[in-house]
Amino acid sequence: MASGELDVAQALTLATRLLRADDPDLVMGAAALVASVRDDFVPRTAWTSRARFVRGLFGGQARQLGFVPRPGESDDVRMLRPRLVWMVAQSGEDALLRTEARKLALRWLDDRRSLSMDAAQGVLGAAAASGDAVLHQRMLEALRTTTESRERDLLFTALGGFQDAALASASRALLLAPDVDTREALPILFRQLEEQPTRAGAFDFLREHFETLRERLPRDIAPWLLGTGGFFCDAEHRARFAAFFAPYAPTFEGVSAPWRRRWSAWTCASPSAKPCAPGWNASCAATDVSACARASSRHAP
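Computed from a predicted structure; not experimentally measured.

Rules used in this analysis
- Residues numbered from 1 in each chain as written.
- Predicted model: local features only at pLDDT ≥ 70, side-chain atom pairs only at ≥ 80, totals over all residues.
- Heavy atoms only, no water.
- Helix = DSSP H or I, 4+ residues; strand = E, 2+ residues; numbered from the N terminus.
- Buried < 20%, exposed > 50% of the residue type's maximum accessible area, 1.4 Å probe, protein only.
- Contact = heavy atoms within 4.5 Å.
- Areas by Shrake-Rupley, 256 points an atom, 1.4 Å probe, with all protein chains shown as cover.
- Salt bridge = Lys/Arg side-chain N within 4 Å of Asp/Glu carboxyl O.
- Expected span 1.5 Å × (residues − 1).
- Axes fitted to C-alpha atoms, helices over the stretch in contact; angles between N-to-C directions.
- Left-handed = near helix turned anticlockwise from the far one by under 90°.
- Nonpolar A, V, L, I, M, F, W, Y, C, P; charged D, E, K, R; others polar.
- Core = buried A, V, L, I, M, F, W, Y, C linked by side-chain atoms within 4.5 Å.
- Phe/Tyr/Trp six-rings, centres within 6.5 Å; stacked < 30°, edge-to-face > 60°.
- Lys NZ or Arg CZ within 6 Å of the ring centre and 35° of its normal.

## Brief notes about the overall build of the protein chain
Piece 1. Scanning the protein chain from terminus to terminus reveals 15 helices and zero strands.
Piece 2. Counting over 301 residues, the protein chain shows a buried share of 44%.
Piece 3. Look at the contacts in the protein chain between residues 6 or more apart in sequence, and 66% of them connect residues 24 or more apart.
Piece 4. With an accessible surface of roughly 15000 Å², the protein chain has 53% of that area assigned to carbon and sulfur atoms.

Put into structure tokens, the structure is as follows:
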């Protein structure tokens, strides 16, 4: 094994055997390992198996923690909660946590004092990931009535987390809405590009409306659109991204040389990388993730 590389499959097996719920450091480390296996490298046919694995390993403790901090909790528990609960609700597809997130999100939309801003961030994100049209509409209504910047940030980000195709499309429409500052709505685009189920639709939207988005954004913000290449780590999307953006990259005013090097690095998939075999092949996933990380670090400004 090369220096600095880790066989994640073996590490996960070891974590499963040694994990103790009363050791926050060990739980955090195991959760970080599981979370490092990106959706891109887990075949869709294996998502149900992954969800079962995540629930079996962390579900009980995540449900006990819940989304809302309790008085007297240690700092270790407060640090563990957002990572663990989110992962079990999202990757673990835990029905109880998703139900709790929806209930708390609706309560927060009625009364902003019901949750701290930190708790609201996790709640809204988890609720949106499995959210329906009713919740989506409630968030849109809240966005129209609030002027508080942090609340708007939370709402735009959450609206980018809806994975239903029609709701994801409705969220993207806000980027072009005449009464919306596109700068504020950018978290919708980036959040959808981050999540595998919504990435293709978001990228198609970006290509179709690129010129309009560029015109609506200030000159110092527009180059961020080049950063969308960082969400792709496979050869097919690398080629599609490069083919579309290559003619545009030199036309951005004020884009520094480090930015241009980073844009080049965002073709991060290793040419020799092979698709993961059927099943949740964590070792294969680790190889691809490591290739991306090494490419990004080499070309960072």
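Having seen it, we continue.
## Some remarks on the pattern of salt bridges
Piece 1. Per the counting criterion, the structure on display carries 14 salt bridges.
Piece 2. A salt bridge links R70 to E73; the shortest N-O distance between them is 3.9 Å.
Piece 3. A salt bridge links R138 to D110, with the nearest nitrogen and oxygen atoms 2.7 Å apart. Residue R138 is located in helix α7 (residues 133–145), and its partner D110 is located in helix α5 (residues 95–110); the two are separated by 28 residues in the primary sequence.
Piece 4. The class for D110 is exposed, based on a relative accessible area of 60%.

## Considering the side chain of E195
Piece 1. Within the secondary structure, E195 sits in the loop between α10 (182–194) and α11 (196–208).
Piece 2. Using a relative accessible area of 10% as the deciding quantity, one classes E195 as buried.
Piece 3. Once you skip the residues sitting within four places of it in the chain, E195 turns out to touch D39, Q90 and Q163.

## As for helix α6 (residues 117–129)
Piece 1. A rise of 1.5 Å per residue sets the reference length of α6, with its 13 residues, at 18 Å; its end C-alpha atoms lie 18 Å apart and thus fit the reference within 8%.
Piece 2. Along α6, the residues classified as buried are A119, A120, V123, L124, G125, A126, A127, A128 and A129.

## Things to note about the environment of A128
Piece 1. Counting through the fold element by element, A128 comes out in helix α6.
Piece 2. Between the C-alpha atoms of A128 and M139, which are eleven residues apart in sequence, the distance is 9.5 Å.
Piece 3. Those residues within four positions of A128 in sequence are excluded, and the remaining contacts are L135, M139, A158, G161, F162 and Q163.

## Some details on the side chain of T146
Piece 1. Here T146 is to be found in the loop between α7 and α8 (149–159).
Piece 2. Excluding anything up to four places from it in sequence, T146 contacts R112, E151, R152 and L155.

## Some remarks on the environment of R240
Piece 1. Within the secondary structure layout, R240 lies in helix α13 (residues 235–245).
Piece 2. By relative accessible area, R240 is classed as partly exposed at 28%.
Piece 3. For R240 and F203, which are 37 residues apart along the polypeptide, the C-alpha to C-alpha distance reads 9.8 Å.
Piece 4. Apart from residues no more than four positions distant in its own chain, R240 is found in contact with F203, D204 and R207.

## Here's the deal with the packing of helix α2 (residues 24–35) against helix α3 (residues 47–65)
Piece 1. Close contact between α2 and α3 brings their axes to 12 Å; oriented N to C, the two are set at 150°. The hand of the α2/α3 crossing is left-handed. In this structure, α2 uses V27, A30, A31 and V34 to contact α3, whose residues at the interface are F53, V54, L57, F58 and Q61.
Piece 2. Residues of the contact of α2 with α3, tallied by class, amount to eight nonpolar, one polar and no charged.

## What about unusual backbone geometry?
Piece 1. For E93, which is not a glycine, the phi torsion comes out positive at approximately 50°.
Piece 2. Within the secondary structure, E93 sits in the loop between α4 (75–90) and α5.

## Overview of the nonpolar core
Piece 1. Counting 69 residues, the largest nonpolar core has F58, F67, L84, M139 and L189 as the members making the most contacts within it.
Piece 2. Among the elements that line this core, the one with the most residues is α6, at seven residues.
Piece 3. Setting aside chain neighbours within four positions, we find L189 in contact with L175, A202, F205, L206 and L225.

## Considering the packing of aromatic side chains
Each aromatic ring pair is summarised here by two numbers: the centre-to-centre distance and the angle between the ring planes.
Piece 1. Taken as a whole and judged by the stated rule, the model has six aromatic pairs.
Piece 2. On the basis of an interplanar angle of 90° and a centroid distance of 5.8 Å, the ring pair of F210 and F244 is categorised as edge-to-face. With F210 in helix α12 (residues 210–216) and F244 in helix α13, this pair connects stretches of sequence that are 34 residues apart. One exposure class covers both F210 and F244, and it is buried.
Piece 3. Note on F210 and F245: the rings are 5.4 Å apart at their centroids and 85° apart in plane angle, and the pair reads as edge-to-face. You can see F210 sitting in helix α12 and its partner F245 sitting in helix α13, a full 35 residues away along the chain.
Piece 4. Take F245: its relative accessible area is 0%, and that puts it in the buried class.
Piece 5. Sitting over the ring of W47, R50 keeps its end group 5.1 Å from the ring centre.
Piece 6. The ring of W108 is capped by R112, whose NZ or CZ atom sits 4.7 Å from the centre of that ring.

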